[in-house]
Amino acid sequence: MASHSATIASASCSASAPGACVDCGAASDQIAADGYCLVCGRKQPAPHDHEELVLPGVVAITDRGRTHARNEDAFACGVADGVVAVMVSDGVSSTADSDKAAIDATVAARDHALGALAAGESVPAALTGAMAAAQQAAAAVPPTTGETASCTAVYFAARRNGA
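Source: prediction; values computed, not measured.

Peer 1: Explanation requested: unusual backbone geometry in the structure shown.
Peer 2: Residues other than glycine predominantly adopt negative phi, and peptide bonds predominantly adopt the trans conformation. The phi dihedral of Asp97 falls on the positive side, at around 60 degrees, and the residue is not glycine. By secondary structure assignment, the location of Asp97 is in the loop between β5 (83–91) and α1 (98–118).

Structural data, given as structure tokens:
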């Protein structure tokens, strides 16, 4: 494989720091560690409850389901050297930390796919490697309640621009 030194535009789901209050607009320093606004008292949504991404050629959105305590779904997208890679994973809500497994799986798969495709691998070969990377990343999430985190239905799409 050739080395990959391209600039990569990528993004993925994450547990990011809170922004301004969704109700009163108070600054992020007015959001307490427990997630409540110190100005208006409203509980803020978790950062991963709703995420949106726009990259050249890619749009991704994920939302927490109405009956779920957290968003177990995740995406990771990237664009580099005319290659677009999109990974989507559905966490298994009946297992602990499925949200973490889904995030880790999509990021690992995206990173592998971008590198492999930029190095000239075929899409099927990049897909195979990306799925292996996703499986390893999800399996590496440490159990927190005695059960292993899991995610399913990892979807991969890639294309070379102009192809």
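After that view of the structure, there is still more to cover.
Peer 1: Please explain a nonpolar patch on the surface as it appears in this structure.
Peer 2: Nonpolar side chains collect at one region of the surface, where Val54, Val59 and Ile61 lie side by side and expose about 320 Å² of accessible area between them. Of note, Val54 is situated in strand β2 (residues 50–55).

Peer 1: Even after reading the chapter, I still don't get the confidence of the model for the chain, so can you show me in this structure?
Peer 2: The predicted coordinates of low-pLDDT regions are not to be read in fine detail. For the chain, the mean per-residue pLDDT works out to 78, and 81% of the residues sit at or above 70. Per-element confidence in the chain is highest for helix α2 (residues 123–139), whose mean pLDDT is 90, and lowest for strand β1 (residues 9–12), whose mean pLDDT is 54. Contacts for the low-pLDDT stretch residues 1–8, under 50 throughout, to residues beyond four places or in other chains number 15 contacts.

Peer 1: For this particular structure, what's the right way to read the pattern of salt bridges?
Peer 2: Should their charged atoms come close, side chains of opposite charge can pair. With the rule as written, the count across this model stands at three salt bridges. A salt bridge links Lys100 to Asp97, with the shortest nitrogen-to-oxygen separation between them at 3.6 Å. On the basis of relative accessible area, Asp97 is assigned to the buried category, the value being 12%. Asp111 serves as the salt-bridge partner of Arg110, at 2.8 Å between the closest nitrogen and oxygen. Judged by relative accessible area, Arg110 falls into the buried class, the value being 6%. Classification of Asp111 as partly exposed rests on a relative accessible area of 42%.

Reading the values: the criteria
- Residues numbered from 1 in each chain as written.
- Predicted model: local features only at pLDDT ≥ 70, side-chain atom pairs only at ≥ 80, totals over all residues.
- Heavy atoms only, no water.
- Helix = DSSP H or I, 4+ residues; strand = E, 2+ residues; numbered from the N terminus.
- Patch = residues over 30% accessible without salt bridge, like charges linked within 9 Å, V, L, I, M, F, W, Y side chains within 5 Å.
- Areas by Shrake-Rupley, 256 points an atom, 1.4 Å probe, with all protein chains shown as cover.
- Salt bridge = Lys/Arg side-chain N within 4 Å of Asp/Glu carboxyl O.
- pLDDT = per-residue confidence, 0-100.
- Contact = heavy atoms within 4.5 Å.
- Buried < 20%, exposed > 50% of the residue type's maximum accessible area, 1.4 Å probe, protein only.

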